[in-house]
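In case you want the letters, here they are:
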Amino acid sequence: VGQENINTDIVTLTRFLTEEQTKYPAASGDFTLLCHALQFSFKSIAYYIRRASLINLTGLAGSSNTTGDDQKKLDVIGNDIFISAMRGSGKCRILVSEEEEDVIRFDEHPNARYAVVCDPIDGSSNLDAGVSVGTIFGVFQLPDSALGAGKTIGPEVLLSPGTELVASGFTMYGASAQLVITMRGGGVNGFTLENSLGEFILTHPNMQLPAKRAIYSVNEGNSMYWDEWCKQYLHSLKYPAVEGEKPYSARYIGSMVADAYRTLLYGGIFAYPADSKSPKGKLRILYECAPMAMLFENAGGLAVNSRMERLMEVVPEHIHDRSGVFLGSKDEVQKVIDMYNKYN
Ligand code: AHG
Ligand code: MN
Ligand code: MN
Ligand code: MN
């Protein structure tokens, strides 16, 4: 029996980030250090997620957040871990979290040049059922004018479109912890947490979405609230007009990170349309829509809102602003656009 072909040329996230940094001779190393703090928070959150049922961390925290969600205990713990990791990095100046009504400023680091947005636990309503949840993040670089002691920077620096993001990604806490990260203008790379080493290992280099795939992912329970064009779009997937064409498969997990990860790997379309119940949509622009849109575009896919505008160009009106979302394989998003154009 051949010896298990042990891959010794292991690329850890730490090595990957250091190698990435060498591509930018002027780099100060601040971004790399910020990413180490991000990495630490994912490892810590993964640790608590794995043990939640064992140490009574499932269930509600008894509070709700500014977007109206009931907070789970792990929402609060994930939020606390993330905030302290960003503060401790000394490289984050200002932070937006789903679980915090206002921006969090780290005035003790007046020269920190990064702003971070995050959804500490995405899909938390699924937590008690043991379904995959995740952490979504985005990184903006602050303008030099915002640096320096005594400067108070407000939330307006974060009311930027996704095109201003320098990096984004998510970590899905599933069968294993899967980190997916992309830099502006770069590729998409997937890492798997090797628990015994405590290292994220590069397992999915240069992730590229298939151009099409007959899988759709949407909460059909909202169908009665959808616009007519949207109803017709979903109907066209389920009842193909062309004789002999097979209907699409439906896959909806209800955690955006899990539905997004599957779509990145298999292709297809993920949608959370704006509708008559949620006219601005449900998903939050800064820490759900924009980071995911950047990942999907850099993986060769497309991401648009409910008016078929490029999601990366949507500017949030406030830090918890929402948008409709259609993202996935290029040809699948094009089908949405074609149906929308028929009706508008
Ligand atoms: P969060 O748990 O961070 O509040 O996000 C939940 C979001 C997203 O993860 C998912 O795609 C969507 O809510 C599911 O909403 P429905 O339950 O309405 O389908
Ligand atoms: Mn929530
Ligand atoms: Mn979320
Ligand atoms: Mn959340």
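One can find the structure itself at the top, above this paragraph.
Throughout, residues of each chain are indexed from 1 in the direction in which the sequence is written. Each chain gets a letter, beginning with A, and each ligand a number, beginning with 1, in the order they are written. Whole-chain, interface and lining totals are the exception, using all residues; otherwise, since this is a predicted model, local features are given only for residues with pLDDT of at least 70 and side-chain atom pairs are given and counted only at 80 or more. Note: side-chain values were computed over all heavy atoms of the structure, leaving out hydrogens and water.

**Q** Provide a residue-level description of the site of ligand 1, including the pertinent values.
**A** Nearness of a residue to a molecule or strand requires only that one of the residue's heavy atoms be within 4 Å of it. Of all residues adjacent to ligand 1, which total 18 residues, the nearest are Asp69, Asp122, Gly123, Tyr252 and Tyr272. Here an oxygen atom of ligand 1 sits 2.7 Å away from a polar atom, N or O, in the side chain of Asp122. As used in this structure description, the phrase polar contact means that two N or O atoms lie within 3.5 Å; if the pair is within protein, one of them must be able to donate a hydrogen and the other to accept it, and residues adjacent in sequence are counted only when both atoms belong to side chains. Take Met256: an N or O atom from its main chain is 2.9 Å from an oxygen atom of ligand 1. What counts as a helix is a DSSP run of H or I of at least four residues, what counts as a strand is a run of E of at least two, and both are numbered from the N terminus. A per-element tally of the shell around ligand 1 places strand 5 (residues 114-122) first, with three residues. Across the shell around ligand 1, the residue classes break down as six nonpolar, five polar and seven charged. In this count, Pro and Cys sit with the nonpolar residues alongside Ala, Val, Leu, Ile, Met, Phe, Trp and Tyr, while Asp, Glu, Lys and Arg are called charged and the others, Gly among them, polar.

**Q** Mind laying out the coordination of the manganese ion (ligand 3), listing which residues take part and the relevant values?
**A** When a metal carries six donors in an octahedron, the ideal angles between them are 90 or 180 degrees, while four donors in a tetrahedron ideally lie at 109.5 degrees. The manganese ion (ligand 3) binds to the protein through Asp119 (OD), Asp122 (OD) and Glu288 (OE); the donor distances cover 1.9 to 2.0 Å. For Na, K and Ca the donor cut-off is 3.2 Å, while for other metals it is 2.8 Å, and in both cases only N, O and S atoms qualify; water is not among them, so sites may look incomplete. A spacing of 5.5 Å is found between the manganese ion (ligand 3) and the manganese ion (ligand 2). Each member of the pair, Asp119 as well as Asp122, is classed as buried. The buried label goes to any residue with under 20% of its type's maximum accessible area, the exposed label to any with over 50%, and the partly exposed label to all in between, with areas taken from a 1.4 Å probe on protein chains only.

**Q** Which residues make up the pattern of salt bridges, and what values do they have?
**A** Any two side chains of opposite charge can pair, on the condition that their charged atoms come close. Between Lys or Arg on one side and Asp or Glu on the other, a salt bridge is scored when a side-chain nitrogen of the former is within 4 Å of a carboxyl oxygen of the latter. For the coordinates displayed, the defined rule picks out 18 salt bridges. Between Glu220 and Lys238 there is a salt bridge; the shortest N-O distance is 2.7 Å. Of this pair, Glu220 sits in the loop between strand 11 (215-217) and helix 4 (228-238) while Lys238 is found in helix 4, placing the two residues 18 residues apart along the sequence. Between Glu288 and Arg284 there is a salt bridge, with the nearest N and O atoms lying 2.8 Å from each other. Bridged by salt links that share partners, the residues Asp69, Glu98, Arg284 and Glu288 form one connected network.

**Q** Please give an account of the coordination of the manganese ion (ligand 4) that cites residues and values.
**A** Donor atoms from the polypeptide that bind the manganese ion (ligand 4) are Glu98 (OE), Asp119 (OD) and Ile121 (O), placed at 2.0 to 2.3 Å. Summarised as a motif, the one-chain spacing of the donors to the manganese ion (ligand 4) is E-x20-D-x1-I. Distance-wise, the manganese ion (ligand 2) is placed 3.7 Å from the manganese ion (ligand 4), both being coordinated by Glu98. You can see Glu98 sitting in the loop between strand 3 (92-97) and strand 4 (104-105) and its partner Ile121 sitting in strand 5, a full 23 residues away along the chain. Exposure remark for Glu98: the relative accessible area of 3% places this residue in the buried category.

**Q** Describe the packing of helix 1 (residues 13-22) against helix 2 (residues 30-51), with residues and values.
**A** Every axis corresponds to a line fitted to the C-alpha atoms, with the helix fit spanning only the stretch in contact, and the corresponding angles, defined between N-to-C directions, vary from 0 to 180 degrees. Orientation of helix 1 relative to helix 2, taken along the N-to-C sense of each, is 160°, at an axis distance of 10 Å. Relative to helix 2, helix 1 is oriented roughly antiparallel. Helix 2 is crossed by helix 1, and the crossing has right-handed handedness. Residues Leu13, Thr14, Leu17 and Gln21 of helix 1 touch helix 2, and the partners they reach there are Thr32, Cys35, His36 and Gln39. Any angle from 65 to 115 degrees is called roughly perpendicular, while one under 35 is roughly parallel, one over 145 is roughly antiparallel, and all others are oblique. Crossings are classed by handedness, with left-handed meaning an anticlockwise turn of the near helix from the far one by less than a right angle and right-handed meaning a clockwise turn. Any two residues having at least one pair of non-hydrogen atoms within 4.5 Å are treated as being in contact.

**Q** Before we move on, can you summarise the pairing of strand 7 (residues 165-173) with the specific residues and values?
**A** Within strand 7, nine of the nine residues are buried, leaving the element largely enclosed by the surrounding structure. Any two strands with at least two DSSP-identified bridges between them are counted as paired. Pairing of strand 7 with strand 8 (residues 177-183), which is carried by seven bridges, proceeds in the antiparallel orientation. Bridge pairing in strand 8 links Tyr173 to Ala177. Taking the residues that link successive antiparallel strands as the turn, the strand 7-strand 8 hairpin has three residues.

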